Amino acid sequence: MLKEEELEKLKNDCNDCHRCSLGATRNNIVFSDGNPNAKILLIGEAPGADEDATGIPFIGRAGKLLTKLIEDCGMTRKEDFYICNTVKCRPPENRVPTDEEKELCKNFLLEQIKTVQPKVIVLCGATSAKSFLGNKIKISQIRGNWYKVFDNIDATVIFHPSYLLRNHSEAEGSPRWLTKQDLYKIKDFVS
Ligand code: SF4
């Protein structure tokens, strides 16, 4: 089966899923965006209101900032990234998804990774990083680090764009500046 067909089948399964309580309150599942053949697979936290309304991840203010930062570093999210989240349905009031919700949804994420076969996984924000690196991590201490995650795939950690929305400075050493350095390294890694 072609990669696109496998992902479409998985998306259909996801559409039918009510494995956790988030399925009861969603308007749309938010499965993925970008290129299934991309070398970079980015995992965010969870859908917000804009994402729930459209079914597209990273489409609100934070998503627009992420798109801009990607473009500032000479990449496009349409061609260079496959983008998804730790859970596919919006948690009420934009709360952080629970460990149980992430665990119940993880099979979709693992299947996405297995199908896309990226060269690098980008863990975007603390919730995403904790899913793979454990709950004890502190995002400010590990962003920019590189890891091997399951099946020996390289992974790295960047700040979530919603954090960057609250930190406007682009001065050297600022969170936005650091994120751009991280994105440049990711670009070099897949080139
Ligand atoms: S968040 Fe995941 S596990 Fe929960 S209902 Fe949605 S698709 Fe199913």
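Before reading further, recall that the structure is shown in the block above.
Residues numbered from 1 in each chain as written. Predicted model: local features only at pLDDT ≥ 70, side-chain atom pairs only at ≥ 80, totals over all residues. Heavy atoms only, no water.

Engineer: Teacher, can you tell me more about helix α1 (residues 3-15) here?
Structural biologist: An α-helical segment advances 3.6 residues per turn. Residues three or four places apart therefore align on the same side. The end-to-end C-alpha distance of α1 is 18 Å, a good match for the 18 Å that 13 residues give at a rise of 1.5 Å each. Buried within α1 we find Leu 7, Leu 10 and Cys 14. Viewed end-on, α1 has its buried residues packed into an arc of 60°, placing them on one side of the element. Those residues of α1 hidden inside the fold are in contact with β3 (81-85) and α6 (99-116). (Helix = DSSP H or I, 4+ residues; strand = E, 2+ residues; numbered from the N terminus. Expected span 1.5 Å × (residues − 1). Buried < 20%, exposed > 50% of the residue type's maximum accessible area, 1.4 Å probe, protein only. Arc of directions from axis to C-beta. Contact = heavy atoms within 4.5 Å.)

Engineer: What should I look at first to understand the pairing of strand β6 (residues 153-158) in this one?
Structural biologist: Every regular strand shows the same layout, with side chains that alternate between the two sheet faces. The buried count for β6 comes to 6 of 6 residues, which makes it a mostly enclosed element. On β6, burial covers both faces: Ile 153, Ala 155 and Val 157 on one face and Asp 154, Thr 156 and Ile 158 on the other are all buried. Taken together, the 5 bridges between strand β4 (residues 120-124) and β6 define a ladder with parallel strand orientation. Bridge pairing in β6 places Ile 121 opposite Ala 155. Hairpin connection, strand β5 (residues 146-149) to β6: the antiparallel pair is bridged by 3 residues, and Asp 151 has positive phi, about 60°. (Pairing = 2+ DSSP bridges.)

Engineer: Please explain the packing of helix α4 (residues 61-72) against helix α10 (residues 175-190) as it appears in this structure.
Structural biologist: Geometrically, a packed helix pair is captured by the angle between its two axes and the distance between the axes. At their nearest, the axes of α4 and α10 sit 9 Å apart, and the two run at 55° to each other. The orientation of α4 relative to α10 falls into the category oblique. Considering how the two elements wind past one another, α4 and α10 form a crossing that is right-handed. Where α4 approaches α10, its residues Leu 65, Leu 69, Ile 70 and Asp 72 are matched on the opposing element by Arg 176, Thr 179, Lys 180, Leu 183 and Tyr 184. When grouped by side-chain class, the residues that make up the contact of α4 with α10 number 5 nonpolar, 1 polar and 3 charged. (Axes fitted to C-alpha atoms, helices over the stretch in contact; angles between N-to-C directions. Parallel < 35°, antiparallel > 145°, perpendicular 65-115°, else oblique. Left-handed = near helix turned anticlockwise from the far one by under 90°. Nonpolar A, V, L, I, M, F, W, Y, C, P; charged D, E, K, R; others polar.)

Engineer: Explain the site of the ligand here, please?
Structural biologist: With respect to spatial proximity, the complete set of residues near the ligand consists of Cys 14, Cys 17, His 18, Arg 19, Cys 20, Gly 23, Arg 26, Lys 88, Cys 89, Leu 104, Cys 105 and Phe 108. The leading source of residues in the shell around the ligand is α6, at 3 residues. Considered class by class, the residues forming the shell around the ligand number 7 nonpolar, 2 polar and 3 charged. (Near = heavy atom within 4 Å.)

Engineer: I would appreciate a short explanation of α6 in the present structure.
Structural biologist: In this model α6 runs 24 Å from its N-terminal to its C-terminal C-alpha over 18 residues, within 8% of the 26 Å that 1.5 Å per residue would give. Considering bend angle alone, the principal kink of α6 is centred on Cys 105 and spans about 45°. Turning to α6, its buried residues are Glu 101, Lys 102, Cys 105, Lys 106, Phe 108, Leu 109, Gln 112, Ile 113, Thr 115 and Val 116. Among the residues trailing α6, Gln 117 stands out with phi positive, at a value near 50°. (Bend = angle between axes of the 7 residues up to and from the residue.)

Engineer: What exactly am I supposed to notice about the pattern of salt bridges here?
Structural biologist: Between side chains of opposite charge, pairing is possible as soon as their charged atoms come close. Enumeration over the complete set of coordinates arrives at 10 salt bridges. Arg 143 is the salt-bridge partner of Asp 182, the closest N and O atoms lying 2.8 Å from each other. Separated by 39 residues along the polypeptide, Asp 182 in helix α10 and Arg 143 in the loop between α8 (139-142) and β5 bring together distant segments of the chain. The exposure classification of Asp 182 matches that of Arg 143, with both residues buried. Residues joined by salt bridges that share partners form a network here, namely Lys 68, Asp 72, Glu 170, Arg 176 and Lys 180. (Salt bridge = Lys/Arg side-chain N within 4 Å of Asp/Glu carboxyl O.)

Engineer: Explain the nonpolar core here, please?
Structural biologist: Within soluble globular proteins, side chains that are nonpolar tend to cluster in buried spots. The biggest cluster of nonpolar side chains holds 31 residues, and the ones touching the most others in it are Leu 41, Ile 43, Tyr 82, Ile 113, Ile 121, Leu 123 and Phe 132. Broken down by secondary-structure element, the contributors of at least two residues to this core are α1, β2 (40-44), β3, α6, β4, α7 (126-133) and β6. The element best represented in this core is α6, accounting for 5 residues. Counting 22 residues, the second-largest nonpolar core is a separate cluster that includes Ile 40, Phe 58, Leu 65 and Leu 66. (Core = buried A, V, L, I, M, F, W, Y, C linked by side-chain atoms within 4.5 Å.)

Engineer: Looking at this structure, how should I read the packing of aromatic side chains?
Structural biologist: The geometry of an aromatic ring pair is captured by the separation of the ring centres together with the interplanar angle, meaning the angle of the planes. According to the stated counting rule, one finds 2 aromatic pairs in the structure shown. Ring centres 4.8 Å apart and planes at 50° place the aromatic pair Trp 146 and Phe 189 in the tilted group. Remark: Phe 189 occurs in helix α10 and Trp 146 occurs in strand β5; sequence separation between them is 43 residues. Phe 189 gets classed as partly exposed once you look at its relative accessible area, which sits at 27%. One residue, Lys 106, lies across the ring of Phe 132, its end atom 5.0 Å from the ring centre. Here the basic side chain of Lys 119 rests over the ring of Phe 189, its NZ or CZ set 4.9 Å away from the ring centre. (Phe/Tyr/Trp six-rings, centres within 6.5 Å; stacked < 30°, edge-to-face > 60°. Lys NZ or Arg CZ within 6 Å of the ring centre and 35° of its normal.)

Coordinates in, geometry out; function isn't part of it.
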